[in-house]
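Take a look at the letters that make up each chain.
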Amino acid sequence: MRSTEALACVALALFSSLASAQADPRLARELLRELVGIRTVHPDGDNTAAARAAARRLLDAGFDPADVQVLEPAPLKGNLVARLRGTGGARPMLLLAHIDVVDALPESWTAGLDPFQLTERGDWLYGRGVVDDKAAAAMFVAILARMKREGFRPKRDIILALTADEETGTHNGVQWLLDGHRPLIEAEFALNEGGSGTLRDGRRIRMGVQVSEKMYLSFELEASNPGGHSSLPRGDNAIYDLAAALDRLSRLNLPARVGPVMRAFAAAYADDEPSALAQALRAIAAGNPSEDDMRRASANPRYNAQLRTTCVATRVEAGHADNALAQKAKATVNCRLLPGDTEEAVRAELQRAAGDRVQVRAKGTLRPSEATDPASAVMAAIAREAQSTWPGVKVIPVMSAGATDGSRLRNVGIPVYGILPVFMEDGDWVRAHGRDERITAKGFEEGLAYFDRLVRTLSAGP
Ligand SMILES: [Zn+2]
């Protein structure tokens, strides 16, 4: 009965390959559930517990304990670093995700949704971190676990780092690893958060890959005055001086700069905009915008943020009593600098606009931000894999207006591609950090499958 035996063998092989292919989403979902259930918020949440939960899944899959480390620079601030060993034919690649999250108050979420418990409603998975950034963490672990079980031997080592304090807190895991344990995460390039897929009316239209990010820096404006009794107002007044300075600042437009990322971004978005704005974006993409084109694009906050360093007043504080003339009036102006702009140049612009009755000084220090080459081979592989998975989808390099850990790696020479290969409508992405954060179960599974193929492709070497 040899042919029957052979058939049985084929059936068994088919069954076990299907079983292993299906094990992935289940493991990823289970780990996502476990990670969401661990409240990894600063300062009292337990990042170490989350790192250990992820480590356990890798050890269960057969990883050598020496290749799975939880490093804890301070209590509760643990980071996981794991390594799937390759043949050494190429330099390692790094998969990075932070496992800390922004806090969430259960009472500010929709009734019945606990931010720190994964809740399934229809095709939606709700919970703090299901988008930012525990989804990627769970996917990466599931991918490595499956590779280990298969005995997959990549050409390059695949390093996984799940880290603490990306959102806030003083023990940023990536920085701590770079400063004291750099060989553990040294890599030719890294995948991290920062990009995502956009659905429009259920249709996949584009996938952004973060290749650079703006730099965060706040300035303080301060007006001073001798003050006095409010029954005797005088010609000079700290509050009016500050208000006048802020009014001038509200009209300050720092110069626009158009580089290759902005041009690709404008080209990709042009099709989605009404005709006048679309024409302006096409001119920017082509490198020959008129003043009118620039004005039109700048009137839209999304494009304005890509075109220039922006500054906006976010807080004011003045006076000490209802019946006294203010001695101090202060405002915080938060700026997001384009890569290449400097603290001193922006401060000088703010001071010039504010006038000489107000002092402008930087609060904190600027962390520089290098950019990743959007024309690299890795970027091409990301786009190719996306095209074969979702034909017709546009893959575009983007600059984040906000900040991620990507800049820390780019600044030491490790190119970073920010990507979460999940497609949702814009309104669903903005729930990250806010209420009712959610991801579709289908998107999560598709994203996992895409990442699995991409990591295999990239780990095969240059
Ligand atoms: Zn994040």
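Below is a short write-up of the structure.

What counts and how
- Residues numbered from 1 in each chain as written.
- Predicted model: local features only at pLDDT ≥ 70, side-chain atom pairs only at ≥ 80, totals over all residues.
- Heavy atoms only, no water.
- Salt bridge = Lys/Arg side-chain N within 4 Å of Asp/Glu carboxyl O.
- Helix = DSSP H or I, 4+ residues; strand = E, 2+ residues; numbered from the N terminus.
- Buried < 20%, exposed > 50% of the residue type's maximum accessible area, 1.4 Å probe, protein only.
- Axes fitted to C-alpha atoms, helices over the stretch in contact; angles between N-to-C directions.
- Left-handed = near helix turned anticlockwise from the far one by under 90°.
- Contact = heavy atoms within 4.5 Å.
- Nonpolar A, V, L, I, M, F, W, Y, C, P; charged D, E, K, R; others polar.
- Pairing = 2+ DSSP bridges.

## Description of the pattern of salt bridges
The final tally for this structure, using the stated rule, is 40 salt bridges. Its salt-bridge partner being Asp 67, residue Arg 85 comes within 2.8 Å of it at the nearest N-O pair. Of the two residues, Arg 85 is situated in the loop between strand S2 (79-84) and strand S3 (93-98) and Asp 67 in the loop between helix H2 (47-60) and strand S1 (68-71); the sequence distance between them amounts to 18 residues. Classification of Asp 67 by relative accessible area gives buried; the value is 11%.

## Overview of the packing of helix H8 (residues 275-286) against helix H9 (residues 291-298)
Taken N-terminus to C-terminus, the directions of H8 and H9 make an angle of 115°; their axes are 9 Å apart at the nearest point. For the element pair H8 and H9, the recorded crossing hand is left-handed. Contact residues: Ala 276, Leu 277, Gln 279, Ala 280, Leu 281, Ala 283 and Ile 284 in H8; Asp 293, Met 294, Arg 296 and Ala 297 in H9. Its residues assigned to classes, the contact of H8 with H9 shows eight nonpolar, one polar and two charged.

## So, the environment of Ala 324
Residue position: Ala 324 is located in strand S12 (residues 324-325). With a relative accessible area of 21%, Ala 324 lands in the partly exposed category.

## Looking at the sheet that holds strand S14 (residues 359-363)
Read from one edge to the other, the open sheet built from four strands follows the order S11-S13-S9-S14, with strand pairing classed as antiparallel. A strand with exactly one partner marks an edge of an open sheet, and here the two such strands are strand S11 (310-318) and S14. On average, each strand axis in the sheet is tilted by 25° relative to the strand beside it, whichever way the strands run. Two elements, strand S9 (residues 215-224) and strand S13 (residues 328-337), share 10 bridges in a ladder whose sense is antiparallel. Within the sheet, the bridge partner assigned to Glu 220 lies in S13 and is Thr 332. Of the strands in this sheet, S9, S11 and S13 touch helix H6 (residues 238-250), which is tilted by about 20° from S13. Here helix H11 (residues 343-354) sits on the sheet and contacts S9, S11, S13 and S14; the angle it forms with S14, its principal contact strand, is near 150°.

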